[in-house]
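A closer look at the structure
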Amino acid sequence: MESKINLAQVSPVNYKVTAALVNQFVVSTTQFLNRFATRCDRKLQQVGSNMHRIETTLNILEAKLASISNIPTRPAQAGTAAAAPAAHPSAAVEPSTAQQVPAQTGTAPAEARTAQTEAAAAQTVVEAPPPPPEPKRHAVKDDPRYGKYFKMLKVGVPHAAVKGKMASEGLDA
């Protein structure tokens, strides 16, 4: 598609006008990007602050749960007893292995059943040792050194300020 305008007859655009337009574009784009970056930074700081607040609340709740002595044990401990023989392969024989061995050695089906029965008996005899008792943990919230910091958090002092105060007094945050 050809242009019907003869460019030889059109006067050139003043270079000062072109420079001013380019400068205006650069300035407006820079201002937009600066505002955008500032807004993003502010939102990221809010998210970080919320995460710290939630993390502190979670730590306090975990400390409270740890301080309760009459919490019933979880039913998941039964699953750990089943997982313990798998952790020690020398302690128990897997039934799938016991089934494969007679087939590979060419023994009779009666001998295969005997091997399976012995493997099942070995599994029932081997029990997982009871888990060691957990040492009594003292809750951080009960420590008198940290009491005032929990109170500061409770009244709404920002987490970063409490953490800085603790660090200035030589305590772990």
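Heads up: these notes are all about the structure in this document.

Calculation notes
- Once a new chain begins, its residue numbering starts again from 1 and follows that chain's sequence as written.
- Predicted model: local features are reported for residues with pLDDT of at least 70 only, side-chain atom pairs are reported and counted for 80 or more only, and whole-chain, interface and lining totals are derived from all residues.
- Side-chain numbers come from the whole structure's heavy atoms, not from hydrogens or water.
- Note on definitions: angles span 0 to 180 degrees between N-to-C directions of axes, and those axes are lines fitted to C-alpha atoms, for helices only across the stretch in contact.
- Runs of E in the DSSP output that reach at least two residues are strands. Runs of H or I that reach at least four are helices, and both are numbered from the N terminus.
- Angle categories are assigned with fixed cut-offs, so that under 35 degrees is roughly parallel, over 145 is roughly antiparallel, 65 to 115 is roughly perpendicular, and the rest are oblique.
- We call a crossing left-handed when the near helix sits turned anticlockwise from the far one by less than a right angle, and right-handed when that turn is clockwise.
- Contacts are assigned to residue pairs that have any heavy atoms within 4.5 Å of one another.
- Each reported salt bridge corresponds to a side-chain nitrogen of Lys or Arg within 4 Å of a carboxyl oxygen of Asp or Glu.
- Residue exposure (1.4 Å probe, protein chains only): buried if accessible area is under 20% of the type maximum, exposed if over 50%, otherwise partly exposed.

As for the packing of helix 5 (residues 147–154) against helix 6 (residues 159–168)
Each pair of packed helices can be described by the angle between their axes along with the distance between the axes. Following both chains from N to C, one finds helix 5 and helix 6 inclined at 165°, their axes separated by 9 Å at the closest point. Taken together, the axes of helix 5 and helix 6 lie roughly antiparallel to each other. Crossing of helix 5 against helix 6: the hand is right-handed. Between helix 5 and helix 6, the residues in contact are Tyr-149, Met-152 and Leu-153 and His-159, Val-162, Lys-165 and Met-166, respectively.

Examining the pattern of salt bridges
Evaluation of the coordinates by the stated rule reveals two salt bridges. With its nearest N and O atoms 3.3 Å apart, the salt bridge here joins Lys-165 to Glu-169. Taking relative accessible area as the criterion, Lys-165 reaches 37% and is therefore assigned partly exposed. Three or more residues are tied together by salt bridges with common partners; here these are Lys-148, Lys-165 and Glu-169.

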